[in-house]
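Summary of the model geometry
So you can see what is in the structure, the chains are spelled out below.
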Amino acid sequence: MQLRNSPSRYGVVSIILHWGVALAVFGLFGLGLWMVGLDYYSPWRKAGPDLHKSIGLVLLAVMLLRVVWRFISPPPPAPANHGAATRLAAKLGHLALYLGLFAVMAAGYLISTADGVGIPVFGLFEVPALVSDLPDQADVAGVIHLWLAWGLVIFAVLHGLAALKHHFIDRDATLTRMLGRKA
């Protein structure tokens with residue numbers, strides 16, 4: 001399989017970035033829901049949020065790489081059977097997923113840095129707290145983070161359902177291209 005995207009399919013780099021981000025988003029969502037229910041005496045009370053923050057910051061780096069990669073290796077064009085409305089919906093849907101990802105990560109950063117302390121990443125290095133003096137920063141960012149995360153996960157499920165619709169109903173190459181197969 002080729003590294004770069006071709007006119008008929010995605011390359012291995014795009015495929016790994018796509019499925020890796022999807023796995024991280026759903027994993028972080030599950031971890032986030034689980035950790036907010038931890039009580040004070042849970043051994044995971046500190047470790048859960050630390051893990052969530054570290055993975056989230058790694059995901060931010062991966063998403064920045066993913067944006068750069070889209071310019072280096074543009075995605076294949078839409079299948080020929082996609083009309084103008086479908087092509088526009090796909091572009092807007094992908095834009096919404098990208099913006100949603102960056103927005104949920106920005107809100108998470110604002111939650112984590114509200115007290116003016118940086119965020120350690122797996123104990124290897126620390127991302128500094130650049131913004132920490134906004135009014136009610138942690139509370140407001142927390143509500144935004146929660147709603148954006150729910151919206152992102154729901155939209156990602158719809159994205160997956162659309163790919164399945166293209167595969168099983170339209171019988172086009174939308175899904176198979178992201179699995180590394182030719183159209």
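Look up a bit, the structure's there.
In this text, all values refer to a predicted model and were calculated from it rather than measured experimentally. (Residues numbered from 1 in each chain as written. Predicted model: local features only at pLDDT ≥ 70, side-chain atom pairs only at ≥ 80, totals over all residues. Heavy atoms only, no water.)

Here's the deal with the packing of aromatic side chains
All told, the structure shown has three aromatic pairs when counted by the stated rule. Between phenylalanine 29 and tryptophan 150, the ring centres sit 4.8 Å apart and the planes meet at 85°, which makes this aromatic pair edge-to-face. Of the two residues, phenylalanine 29 is situated in helix 1 (residues 12–35) and tryptophan 150 in helix 4 (residues 137–168); the sequence distance between them amounts to 121 residues. Residue tryptophan 150 is classed as partly exposed on the basis of its relative accessible area of 38%. (Phe/Tyr/Trp six-rings, centres within 6.5 Å; stacked < 30°, edge-to-face > 60°. Helix = DSSP H or I, 4+ residues; strand = E, 2+ residues; numbered from the N terminus. Buried < 20%, exposed > 50% of the residue type's maximum accessible area, 1.4 Å probe, protein only.)

Thoughts on the side chain of histidine 18
Tracing the chain through its elements places histidine 18 in helix 1. Those residues in contact with histidine 18, other than ones at most four positions away along the chain, are Arg66, His159 and Met178. (Contact = heavy atoms within 4.5 Å.)

With respect to the packing of helix 2 (residues 44–72) against helix 3 (residues 84–112)
One can describe the packing of helix 2 onto helix 3 by two numbers: an axis separation of 10 Å at closest approach and a directional angle of 145°. The interaxial crossing formed by helix 2 with helix 3 has left-handed handedness. Contacts between helix 2 and helix 3 involve Lys53, Gly56, Leu59, Leu60, Met63, Leu64, Arg66, Val67 and Arg70 on the former and, on the latter, Tyr98, Leu101, Phe102, Met105 and Ser112. Across the contact of helix 2 with helix 3, the residue classes break down as nine nonpolar, two polar and three charged. (Axes fitted to C-alpha atoms, helices over the stretch in contact; angles between N-to-C directions. Left-handed = near helix turned anticlockwise from the far one by under 90°. Nonpolar A, V, L, I, M, F, W, Y, C, P; charged D, E, K, R; others polar.)

Looking at the pattern of salt bridges
Under the criterion given, the structure shown has two salt bridges. A salt bridge links aspartate 50 to lysine 46; the nearest nitrogen and oxygen atoms lie 2.7 Å apart. With aspartate 50 and lysine 46 both in helix 2, this residue pair falls four residues apart, about one helical turn. What makes aspartate 50 partly exposed here is its relative accessible area of 27%. With a closest N to O distance of 2.7 Å, lysine 165 and aspartate 170 form a salt bridge. Judged by its relative accessible area of 28%, aspartate 170 is partly exposed. (Salt bridge = Lys/Arg side-chain N within 4 Å of Asp/Glu carboxyl O.)

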